[in-house]
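# Structural features, examined
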Amino acid sequence: MKRKIYVTRKIPASIYDQLVQHLDVKMWEEEDIPVPREVLLKEIKDVDGLFCTITETIDEKMISHAENLKIISNMAVGFNHIDVKFANKKGIVVTNTPGVLTETTADLTFALLMATARRVVEASNYLRNGEWKSWSPMQLIGKDIYGATIGIIGMGRIGQALARRAKGFGMKILYYNRSRKLEIEKELGAEYCDLDTLLETSDYVSILIPYSPGVKYLIGNKELQRMKKTAILINTARGGIIDEQALYNALKNKEIWAAGLDVFEKEPIDLDSPLLTLPNVVTLPHIGSASEATRIKMAEITADNLIQFLEGGDPLTPVII
Ligand code: GLV
């Protein structure tokens, strides 16, 4: 008999077809709305596997509702929405999708950095709103990327891919990480430094660390004060790493120059968030890994982990904490 799984979001048809060849699949069919928590609490009860994304909170209560669950296969690299420790204690394996989204997320991070530095969204709106009267010497001027210093917080896979892009743009690279990455220092001339030095000397600060409670508000009032008044902060990791109220104050009071944000403490961000009133913030709806090829690869790995594990093999990409 086929093992039962529940898929929390509508996934590409080819991946769905592959899953049903091996498993008894039930899927939440709505395109744009995540499965409501009370529905998932019921659905999780008797399944062997779960295909989930970052929109579901798989906490202790959710996991405790599952009577047969053996694997939580997460279609994302970040897993802060899953209580991995509790799952593992219950003998449940958790998997994620490392590797396949590295380059795509680094691309988006660099795109956001450039869009913020050169005020691309603001300039586009300026034209569309009929404000463009003539070319003018000091109109919509931004910041240079070439020759500037980027400080990368988190030199993991995506941080390294971003550093390669930065090198190609002639940037000086600083980084702060739990451990030194000597091969990256050699390859790209990146310099390791402590967080305060990185904040004080970088023209661009890019956050690329995984979220855990230990890094909540890593960038708060004190850290923002350390940054240059001309600096740009880019976050494509997780929202809770920045204290958004402190960021709003720093941007409003021109203590830093601008921010590019793909992630927020609450997603979707409330439309009445003060951050959305500022012209010097570029905001995106968490699209770091959103290219067609990458999202298909992510769905494939998520499916392969379920199939392989529920058919008796080892998970391909288990989360080890
Ligand atoms: C997306 O945010 C991911 O963690 O893959």
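A few points on the structure. Bear in mind the structure is a predicted one, so any value in this text is a computation, not a measurement.

Parameters and conventions
Residues numbered from 1 in each chain as written. Predicted model: local features only at pLDDT ≥ 70, side-chain atom pairs only at ≥ 80, totals over all residues. Heavy atoms only, no water. Pairing = 2+ DSSP bridges. Helix = DSSP H or I, 4+ residues; strand = E, 2+ residues; numbered from the N terminus. Axes fitted to C-alpha atoms, helices over the stretch in contact; angles between N-to-C directions. Contact = heavy atoms within 4.5 Å. Near = heavy atom within 4 Å. Polar contact = N/O pair within 3.5 Å; in protein donor to acceptor, adjacent residues only side chain to side chain. Areas by Shrake-Rupley, 256 points an atom, 1.4 Å probe, with all protein chains shown as cover. Nonpolar A, V, L, I, M, F, W, Y, C, P; charged D, E, K, R; others polar. Phe/Tyr/Trp six-rings, centres within 6.5 Å; stacked < 30°, edge-to-face > 60°. Buried < 20%, exposed > 50% of the residue type's maximum accessible area, 1.4 Å probe, protein only. Parallel < 35°, antiparallel > 145°, perpendicular 65-115°, else oblique. Left-handed = near helix turned anticlockwise from the far one by under 90°. Right-handed = clockwise from strand over helix to strand, strands pointing away.

A few words now on the sheet that holds strand E3 (residues 49–52). The five strands lie next to each other as E2-E1-E3-E4-E5, forming an open sheet whose pairing is parallel. What marks the edges here is a single partner per strand, and that holds for strand E2 (24–27) and strand E5 (93–95). Averaged over all neighbouring strand pairs, the angle between strand axes comes to 15°, with direction disregarded. Bridging between E3 and strand E4 (residues 71–74) involves four bridges; their strand directions are parallel. Pairing of Gly49 across the sheet is with Ile71, part of E4. Strand contacts of helix H1 (residues 13–22): strand E1 (4–7), E2 and E3, with the helix running at about 140° to E2, the strand carrying the most contacts. The strands touched by helix H12 (residues 292–310) are E1, E3, E4 and E5; relative to E4, the strand with the most contacts, the crossing angle is about 165°.

A word on the site of the ligand. Taken together, Ala76, Val77, Gly78, Leu101, Arg238 and His286 are the residues near the ligand. Between the ligand and Val77 there is a distance of 2.8 Å, counted from an oxygen atom to a backbone nitrogen or oxygen. Relative to its free-state accessible area of 200 Å², the ligand is covered by the protein chains to the extent of 86%. Here the residues of the shell around the ligand are counted per class, giving three nonpolar, two polar and one charged.

Time to look at the packing of aromatic side chains. In total, this model carries two aromatic pairs according to the counting rule given. Residues Phe110 and Phe169 carry aromatic rings whose centres are separated by 4.6 Å and whose planes lie at 40° to one another, so their mutual orientation is tilted. Here Phe169 lies in the loop between helix H7 (157–168) and strand E7 (172–176) and Phe110 lies in helix H5 (residues 102–117), a separation of 59 residues in the sequence. Judged by its relative accessible area of 34%, Phe169 falls in the partly exposed class.

Let us now look at the packing of H5 against H7. Where H5 meets H7, the axes come as close as 8 Å, and the angle between the chain directions of the two elements is 55°. By the angle between their axes, H5 is oblique relative to H7. As for the relative orientation of H5 and H7, their crossing is right-handed in sense. The segment H5 lies against H7, with Thr102, Glu103, Thr105, Ala106, Asp107, Thr109 and Phe110 engaging Arg157, Ile158, Ala161, Leu162, Arg165 and Ala166. Along the lines of polarity and charge, the residues of the contact of H5 with H7 split into six nonpolar, three polar and four charged.

Before going further, it helps to spend a moment on the packing of H1 against H12. Each pair of packed helices can be summarised by the angle the axes make with each other and by the distance between the axes. In contact at an axis separation of 10 Å, H1 and H12 are set at 5° when each is read in the N-to-C sense. Comparing the axis directions of H1 and H12 gives the class roughly parallel. On the side of H1, the interface is formed by Ile15, Gln18, Leu19 and His22, while H12 contributes Ile296, Ala299, Glu300, Ala303, Asp304, Leu306 and Ile307. Its residues placed into classes, the contact of H1 with H12 shows seven nonpolar, two polar and two charged.

Below, the discussion takes up the pairing of E4. Across a regular strand the side chains alternate sides, sitting on one face of the sheet and then on the other. Here E4 shows a buried face lined by Ile71 and Ser73 and a second buried face lined by Ile72 and Asn74. Once the chain exits E3 it traverses helix H3 (residues 60–65) before rejoining the sheet at E4, and the crossover so formed is right-handed. Here E4 pairs with E5 via three bridges, running parallel. Counterpart to Ile72 in the pairing with E5 is Val94. Viewed along the sheet, the connection from E4 through helix H4 (residues 84–89) into E5 turns out right-handed.

The omega angle of the peptide bond from Glu267 to Pro268 is -5°, so this bond is cis rather than trans. Tracing the sequence through the fold places Pro268 in the loop between strand E11 (258–261) and strand E12 (281–283). With phi around 50°, Leu140 is a residue other than glycine that occupies positive phi space. The phi dihedral of Tyr217 falls on the positive side, at around 55°, and the residue is not glycine. Along the chain, Tyr217 falls in the loop between strand E9 (204–207) and helix H10 (221–226). Looking at Tyr217, the relative accessible area reads 33%, which means it is partly exposed.

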